Amino acid sequence: MTGRVYDLAVIGTGIVGATAVGLAALRHPGASVVAVCAGAVHDGSTVRSLAVDIPAGRTEEQRALARRSLDLRSELAALAPALNAESRPSYWVLPAGGAAEVDNQLVGDALAPCGPEQQEALRAVFGGAVGAAGTELRCSAEATLSEPATAVEQLLRPLGDGPDRDLVEGFAVRAIEPCADGYRLVAEDGGELTARRVLAAPGAAALTGPFAATAERHGARTKKIVAYRLRGGGPGAHRPLLVLDEPDAFLLPVGPDRDWCYSITSTDWDCPPERALLAPNPADRALAEAVLSEQLPGFQPEFTGCRTGVDLYLPDFAPLVTPLDGPDGAALDGTVLVTGGAGSGFRLAPGMAEAALALLGLD
Ligand SMILES: Cc1cc2nc3c(=O)[nH]c(=O)nc-3n(C[C@H](O)[C@H](O)[C@H](O)COP(=O)(O)OP(=O)(O)OC[C@H]3O[C@@H](n4cnc5c(N)ncnc54)[C@H](O)[C@@H]3O)c2cc1C
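These numbers come from a predicted model, not from an experiment.

A. Quick peek at the overall build of the protein chain. For the protein chain, the helix and strand inventory stands at eight helices and 17 strands. Taking 21 Å as the expected radius of gyration for a compact globule of 363 residues, we find that the protein chain reaches 21 Å, a close match to that expectation. Summarising its shape, the C-alpha atoms of the protein chain cover approximately 70 × 40 × 35 Å along the three principal directions. Counting across all 363 residues of the protein chain, residues that qualify as buried make up 51%. Of the contacts formed within the protein chain by residues at least 6 apart in sequence, a portion of 75% connects residues at least 24 apart. Surface exposure of the protein chain reaches about 15,200 Å², of which carbon and sulfur atoms provide 51%. Measuring between centres, the 29 positive side-chain charges of the protein chain sit 3 Å from its 46 negative side-chain charges.

B. Representation of the packing of aromatic side chains within the structure. In this structure the tally under the stated criterion is six aromatic pairs. Ring geometry for Phe126 against Phe299: centres 5.3 Å apart, planes inclined by 75°, an arrangement best described as edge-to-face. A residue pair is termed long-range when its members are at least 10 positions apart, and Phe126 in helix H4 (residues 116-126) and Phe299 in the loop between helix H7 (282-295) and strand E15 (302-313) qualify at 173 residues. One exposure class covers both Phe126 and Phe299, and it is buried.

C. Just the packing of helix H1 (residues 15-27) against helix H2 (residues 60-76), in detail. It is the contact of H1 with H2, at a shortest axis distance of 11 Å, that shows an interaxial angle of 65°. Helix-helix and strand crossings are classified by hand; for H1 and H2 the assignment is left-handed. Counted together, Thr19, Gly22, Leu23, Leu26 and Arg27 of H1 and Arg68, Leu72, Glu75 and Leu76 of H2 form the full contact between these two elements. Of the residues in the contact of H1 with H2, the class split is four nonpolar, two polar and three charged.

D. Fine view of the domain arrangement of the protein chain. By the assigned domains, the protein chain splits into domain 1 (5-81 + 148-218 + 315-359) and domain 2 (87-142 + 221-313). Computed from C-alpha atoms alone, the centre-to-centre distance between domain 1 and domain 2 is 29 Å. Listed by partner, the interface residues are 32 residues for domain 1 and 26 residues for domain 2. Taking both sides of the interface into account, the surface hidden between domain 1 and domain 2 amounts to around 2,200 Å²; carbon and sulfur atoms contribute 65%. Counting the contacts that link domain 1 with domain 2 gives zero salt bridges. Linking domain 1 to domain 2 there are 10 residue pairs in polar contact (both at pLDDT 80 or more).

Thresholds applied
- Residues numbered from 1 in each chain as written.
- Predicted model: local features only at pLDDT ≥ 70, side-chain atom pairs only at ≥ 80, totals over all residues.
- Heavy atoms only, no water.
- Helix = DSSP H or I, 4+ residues; strand = E, 2+ residues; numbered from the N terminus.
- Rg over C-alpha atoms; globule rule 2.2 N^0.38 Å.
- Buried < 20%, exposed > 50% of the residue type's maximum accessible area, 1.4 Å probe, protein only.
- Contact = heavy atoms within 4.5 Å.
- Areas by Shrake-Rupley, 256 points an atom, 1.4 Å probe, with all protein chains shown as cover.
- Lys, Arg positive; Asp, Glu negative; His and termini not counted.
- Charge placed at Lys NZ, Arg CZ, Asp CG, Glu CD.
- Phe/Tyr/Trp six-rings, centres within 6.5 Å; stacked < 30°, edge-to-face > 60°.
- Axes fitted to C-alpha atoms, helices over the stretch in contact; angles between N-to-C directions.
- Left-handed = near helix turned anticlockwise from the far one by under 90°.
- Nonpolar A, V, L, I, M, F, W, Y, C, P; charged D, E, K, R; others polar.
- Domains from an automatic or database assignment.
- Buried area = accessible area lost by both parts, 1.4 Å probe.
- Salt bridge = Lys/Arg side-chain N within 4 Å of Asp/Glu carboxyl O.
- Polar contact = N/O pair within 3.5 Å; in protein donor to acceptor, adjacent residues only side chain to side chain.

Below, the structure written as structure tokens:
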């Protein structure tokens with residue numbers, strides 16, 4: 001790598017960094033690109049993601065990002081068919097009168113009431129109490145699902161295409177130093193590479209190393225996300241995705257039988273981004289059980305496993321796309337930090353990556 005100056009260095013090979021690589025390859029086929037990751041390619045949160053997309057946003061700006069991500073994901077699917085690999089009918093359990101608030105956040109069609117047949121099918125799977133008095137059942141457009149690990153590999157594939165494209169694993173960036181040719185990336189083990197532009201997509205690790213000052217200045221915090229593996233419920237022929245009335249909580253059917261992934265955001269803020277230090281705690285499990293017994297009292301699954309991950313949250317829950325701060329606090333031209341998935345980073349990655357490339361003049 002010595003002596004070479006890449007047009008673009010991408011730090012991070014989660015879905016955001018990988019999408020940036022894919023988009024850059026599609027739009028700037030002549031550009032020399034290197035992507036680096038601290039450990040192995042799948043060492044971040046992306047591989048733990050359930051990769052569900054129900055396009056929605058709290059603000060008009062967030063909805064625009066969700067809409068743009070949806071369009072871009074269809075475009076990127078030519079390069080990465082594991083994006084949008086599947087779709088599932090989706091249903092919602094809401095408190096009576098709660099649909100209007102969800103409708104305001106959805107991109108696309110509003111929620112529709114469930115007909116008697118749909119209610120019957122849901123009761124066959126989740127028990128007779130689903131949709132009981134005080135709650136309402138609604139359905140939305142189908143949710144799209146992706147295969148996160150395969151999608152990342154497919155998006156990074158252009159890096160194997162030519163002599164000017166590289167993927168470097170085990171390159172944990174310790175410093176990003178301005179130099180005559182752009183920026184020198186210095187790794188923990190002393191390795192170096194140089195690029196004219198730097199796109200940093202470090203996920204929750206944005207609060208560490210050379211990204212920390214920028215992320216802290218914007219009020220970023222980490223939060224744990226837990227996805228339990230459950231077994232139970234009726235065998236129903238069409239097991240749907242079921243969204244619950246709890247932030248980011250949903251049940252996703254997996255496999256052909258009675259297995260589910262049950263995603264719920266923990267109340268554990270400021271946890272370390274290292275996977276090895278993350279574990280569900282009794283409070284996570286108590287919250288998960290309480291939400292189920294309150295909203296689906298007839299559904300009493302066995303908890304059979306769990307995966308945890310951590311994501312970065314900004315105060316307004318919108319992603320952060322901003323130049324990196326230099327040592328004196330001034331923005332470093334030709335750099336961008338893109339992170340802050342806030343539990344939705346998989347579905348928003350295309351819009352985030354496009355906005356970051358645009359800041360680098362690579363739109
Ligand atoms: C259990 C769970 C379920 C989820 N479900 C969904 C869902 O259904 N839908 C959805 O949209 N989102 C979901 N999410 C959120 C989503 O997975 C994340 O927002 C997204 O994966 C973040 O991607 P990323 O590329 O920003 O970061 P990551 O995937 O964490 O990647 C970060 C990369 O940066 C690299 N890196 C970090 N620091 C350095 C450094 N100093 N030097 C070099 N490389 C570095 C790492 O090596 C890694 O490659 C879920 C998350 C979890 C944990």
